[in-house]
Amino acid sequence: MAAIKCIGVLTSGGDAPGMNAAIRAVTRTAIYNGYSVKGIMRGYKGLVDDEIIDLQSDSVSNIIQQGGTMLKTARSQEFMTPEGRRRAYENMKRSGIDALVVIGGDGSLKGACIFAQEFDVPIVGLPGTIDNDLGGTDATIGYDTALNTIVEAVDKLRDTASSHERLFFVEVMGHTAGYLALNGAIASGAEAAIIPEMDTEVDQLGELINQGFRKSKNSAIVLVAENPATGGAMGLAERVKQEFPQYDARVTILGHIQRGGSPSAIDRIMASRMGEASIEALMEGQRNVMIGMSNGQIVYVPFSRAVSHDRTIDRGAVDLVRILSI
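Residues numbered from 1 in each chain as written. Predicted model: local features only at pLDDT ≥ 70, side-chain atom pairs only at ≥ 80, totals over all residues. Heavy atoms only, no water.

J.: Please explain the overall build of the protein as it appears in this structure.
T.: Scanning the protein from N- to C-terminus turns up eleven helices and eleven strands. The C-alpha radius of gyration of the protein comes to 21 Å, within 12% of the 20 Å expected for a compact globule of 326 residues. Its C-alpha atoms put the protein at 70 × 35 × 30 Å along the principal axes. Within the protein, the fraction of its 326 residues that count as buried is 54%. In the protein, of all internal contacts separated by at least 6 residues, the share reaching a separation of at least 24 is 76%. (Helix = DSSP H or I, 4+ residues; strand = E, 2+ residues; numbered from the N terminus. Rg over C-alpha atoms; globule rule 2.2 N^0.38 Å. Buried < 20%, exposed > 50% of the residue type's maximum accessible area, 1.4 Å probe, protein only. Contact = heavy atoms within 4.5 Å.)

J.: How should I be thinking about the pairing of strand E10 (residues 289–294) in this particular structure?
T.: Strand residues, when the strand is regular, have side chains that alternate between the two faces of the sheet. Most of E10 is tucked away, with five of its six residues classed as buried. In this sheet, E10 lies alongside strand E5 (residues 123–127) in parallel orientation, the contact comprising two bridges. Its bridge partner lying in E10, glycine 125 is registered against methionine 290. Relative to strand E11 (residues 297–302), E10 is paired through six bridges, and the arrangement is antiparallel. (Pairing = 2+ DSSP bridges.)

J.: Quick question: what am I supposed to make of the UniProt feature "binding site: Mg(2+)" (unreviewed entry) in the protein here?
T.: Within the UniProt annotation, "binding site: Mg(2+)" (unreviewed entry) is assigned to Asp106. Examined against the element boundaries, aspartate 106 turns out to sit in helix H4 (residues 106–119). Every residue in contact with aspartate 106, bar those within four places of it in the chain, is listed here: Leu134, Val307 and His309. (UniProt positions renumbered as here; feature names shortened; annotations may be inferred.)

J.: I'm lost on the sheet that holds strand E7 (residues 192–194) in this one. Help?
T.: In any sheet, the strands associate via hydrogen bonds between backbone groups, in a parallel or an antiparallel arrangement. In space, the four strands of this open sheet follow the order E7-E8-E6-E9, with parallel pairing throughout. Lying at the two open borders of the sheet, with one neighbouring strand each, are E7 and strand E9 (249–253). Taking each pair of neighbouring strands and ignoring which way they run, the sheet shows an average axis angle of 25°. Pairing of strand E6 (residues 167–172) with strand E8 (residues 220–225) involves six bridges; the strand directions are parallel. Looking at the pairing, phenylalanine 169 lines up with valine 222 of E8. Against the sheet, helix H8 (residues 232–243) engages E6, E7, E8 and E9, with an angle of about 155° to E6. (Axes fitted to C-alpha atoms, helices over the stretch in contact; angles between N-to-C directions.)

J.: Even after reading the chapter, I still don't get the domain arrangement of the protein, so can you show me in this structure?
T.: Accessible area lost upon the coming together of the parts is a frequently used measure of interface size. In terms of domain boundaries, the protein breaks down into domain 1 (6–142 + 263–307) and domain 2 (143–259). Between the C-alpha centres of domain 1 and domain 2 the distance comes to 33 Å. The interface is formed by 16 residues belonging to domain 1 together with 13 residues belonging to domain 2. For the pair domain 1 and domain 2, the two sides together bury roughly 1100 Å², of which 52% comes from carbon and sulfur. (Domains from an automatic or database assignment. Buried area = accessible area lost by both parts, 1.4 Å probe.)

J.: Would you mind showing me how to read the packing of aromatic side chains here?
T.: Two descriptors summarise a pair of aromatic rings, namely the distance from one centre to the other and the angle between the planes of the rings. In this structure the tally under the stated criterion is four aromatic pairs. Seen in terms of ring centroids, phenylalanine 79 and phenylalanine 115 are 5.4 Å apart; in terms of plane orientation they differ by 55°. Their pairing is tilted. One end of the pair, phenylalanine 79, is in the loop between strand E3 (52–55) and helix H3 (82–94); the other, phenylalanine 115, is in helix H4, with 36 residues separating them in the sequence. Using a relative accessible area of 0% as the deciding quantity, one classes phenylalanine 115 as buried. Ring-pair connections join several aromatic residues into one group, and the members of that group are Tyr44, Phe79, Tyr89, Phe115 and Phe119. (Phe/Tyr/Trp six-rings, centres within 6.5 Å; stacked < 30°, edge-to-face > 60°.)

Okay, structure coming up:
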């Protein structure tokens, strides 16, 4: 779009490995095409507080291999108010920013959608979240790295699990989506995965105890998605203590370690492709879309679909965990 001369980029919400690769790609693709670039520190909070810096090509040197985000990230209560968003818009215009690239997850893209509608700002989103819970894309930036972190941790736990007759619950992130738990279970050879998508259908713990955790196995590792409804791994271990006292249940909560570390090659490549595509989308006049990946190809996904939580879990993968655990 001819009206766009300066593009702002920010990272928002939880950090994800590969965000720096995306920032690098956005910055250099924009400069390559003749745009100036501004980095907004600490996400929407920085937009409200006017923490805006100039980005040059060398500003993003030597960051592709780094986890986290060089622009930092933060939650912003102010941006959730009309007054806060008005301040953000005024700061954006005062800095000469004509369009935004927002890298983040569900909440970040919802904020982008509201901001774009209120002030007619061209915004393109990039799916930066380890949870892999956004619609319209096969994967999100950071998911592959987080999955590899989980597998590495479970491999180490397997060594001690095999030395004791215990039931190990390993809690991973994803309180609304079980992709990390499910695919982590397949990749690590875990005996089961307990995921939010199945909560209303079956008693997953009861099914595990009665069918999956057989007497021929002296230990079992179960990946559990964090879930307020079940209390996560701690809640399940308490249930075992009360209902199945014959089993010695132990809990490992991986927590924020899943967000850290150097991004995998897959995340670096995907973030780079998506970052380039975000600038191309703005050049084509696209707005209010997230860059997604479908069957290896870049796609434009309306914000409304990206945050709709309409992705369904792969039932074949659920069956595969059960089959391979015998």
